[in-house]
Amino acid sequence: MRAVVIRSFGGPEVLEIAEVPVPAAGPGQVRIRVAAAAVNPVDVHTRSGGLAQAGLMVAREVIGLGWDVAGTIDEIGSGVTGFALGDEVFGLSDRLDVPLGTHAEYVVLDAAAVALAPRSVSPVEAATLPLNALTAAQSLDALALAAGQTVLVTGAAGAVGGFAVELAAAQGLRVVATAAASDEPVVRKLGAEFFVPRGARLGEAVRALVPGGVDGAVDAASLGAEALDAVRSTGAFAAVVGGAEPVGLRGIRVANTWIRADGPRLAELAALVDAGRLTPRVARTLPLAQVAAAHRLQVEGGLRGRLVLLP
């Protein structure tokens, strides 16, 4: 089968479409015939060596790429219950140091990292959900806010931020969103009650809307201390991994969201998609063979939604 791997760190030119054996599902695992796999910033940082420089992974002879996947189960390992051959699923590969990721024709995942895919959307759309929607959900979990409380979401038009806005609104939170001024209509449609255009003095602008500051913040844009200033004393702050984790001034509880695979939570997210309360966004699809082009587009930025590779 074909799979995207790297044998050294560098630019998009180090990405290789390799012919490798089809993996087998071991105990507690399922094999998925990949229909779609999203490209994320973490793939770029893996390829470039940024994660190795940060001490999050080590150089290996072969490293596979890809976290998100949607496809069909075609092999089930021993001890797995709740899935059947032919089930359409989506899932997350959350380990960095693997020889094969989801950017391949087949991938093996722990069954606990997989859920039945949403019925109302295509595999391409489903493939945009696991990493980004779980990051948003787990960030909100870290805040532990109650319905009626206020939450700031930075980068609210981005992949993680957009999901955070929708999930917060679904939980009954009052959302203050910040993004480019041109994104205000989109962000309000996702569920934001208040909007602050990027470039404003964030703490002052948020406090003018919510006296005393918001109860919590999901910092999807990695603004760090600037976003922390908008949070009330003894509030809560979730920094999305890869961004700035500020000092917890004024008794603010600060957490960094280290994403983890969670099949049961993916099932909950699938239900929200089917209920029309969570919206996958696809920027563009490309064939697996054009993975280098996908990385270049990811680095250029300006995407609304995720690039998705098709094997």
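The following refers to the structure shown. Worth saying up front: this structure is predicted, and the values here are computed from it rather than measured. (Residues numbered from 1 in each chain as written. Predicted model: local features only at pLDDT ≥ 70, side-chain atom pairs only at ≥ 80, totals over all residues. Heavy atoms only, no water.)

**Some points on the pattern of salt bridges**
Item 1. The final tally for this structure, using the stated rule, is 13 salt bridges.
Item 2. Residue Arg60 pairs with Asp97 through a salt bridge whose shortest N-O separation is 2.8 Å. Here Asp97 lies in the loop between β6 (88-92) and β7 (106-110) and Arg60 lies in the loop between α2 (50-53) and β4 (63-64), a separation of 37 residues in the sequence.
Item 3. Under the relative-accessibility criterion, Asp97 is labelled partly exposed at 28%.
Item 4. Look at the salt bridges and you will find they share partners, linking Arg31, Asp74 and Glu75 into a network. (Salt bridge = Lys/Arg side-chain N within 4 Å of Asp/Glu carboxyl O. Helix = DSSP H or I, 4+ residues; strand = E, 2+ residues; numbered from the N terminus. Buried < 20%, exposed > 50% of the residue type's maximum accessible area, 1.4 Å probe, protein only.)

**Side note on the sheet that holds strand β1 (residues 2-6)**
Item 1. If you trace the 3 strands from one edge of the open sheet to the other, you get β2-β1-β4, paired in antiparallel fashion. At either margin of the open sheet sits one strand with a lone partner, and together these are β2 (16-19) and β4.
Item 2. As paired elements, β1 and β4 share 2 bridges and run antiparallel to each other. In the strand pairing of β4, Ile6 is matched with Ile63. (Pairing = 2+ DSSP bridges.)

**Regarding the sheet that holds strand β14 (residues 253-257)**
Item 1. Judged by pairing direction, the sheet is parallel, and its 6 strands sit side by side in the order β11-β10-β9-β12-β13-β14 without closing on themselves. Strands at the two margins of the open sheet, each flanked by one partner only, are β11 (194-197) and β14. Between one strand and the next, the sheet's axes are offset by a mean angle of 20°, whatever the strand orientation.
Item 2. Relative to strand β10 (residues 174-179), strand β9 (residues 150-154) is paired through 5 bridges, and the arrangement is parallel. Residue pairing for β10: Val151 is matched across the bridge by Val175.
Item 3. Against the sheet, helix α5 (residues 159-170) touches β9, β10, β12 (214-219) and β13 (231-240), its axis set at about 165° to β9.
Item 4. On top of the sheet, helix α7 (residues 202-209) reaches β9, β10, β11, β12 and β13; it is set at about 155° to β11, its chief contact. (Axes fitted to C-alpha atoms, helices over the stretch in contact; angles between N-to-C directions. Contact = heavy atoms within 4.5 Å.)

**Observations concerning unusual backbone geometry**
Item 1. A positive phi angle, near 55°, is found at Ser222, a position not held by glycine.
Item 2. By secondary structure assignment, the location of Ser222 is in the loop between β12 and α8 (225-228).
Item 3. Even without glycine at this site, Thr234 takes up a positive phi of about 65°.
Item 4. Of note, Thr234 is situated in strand β13.

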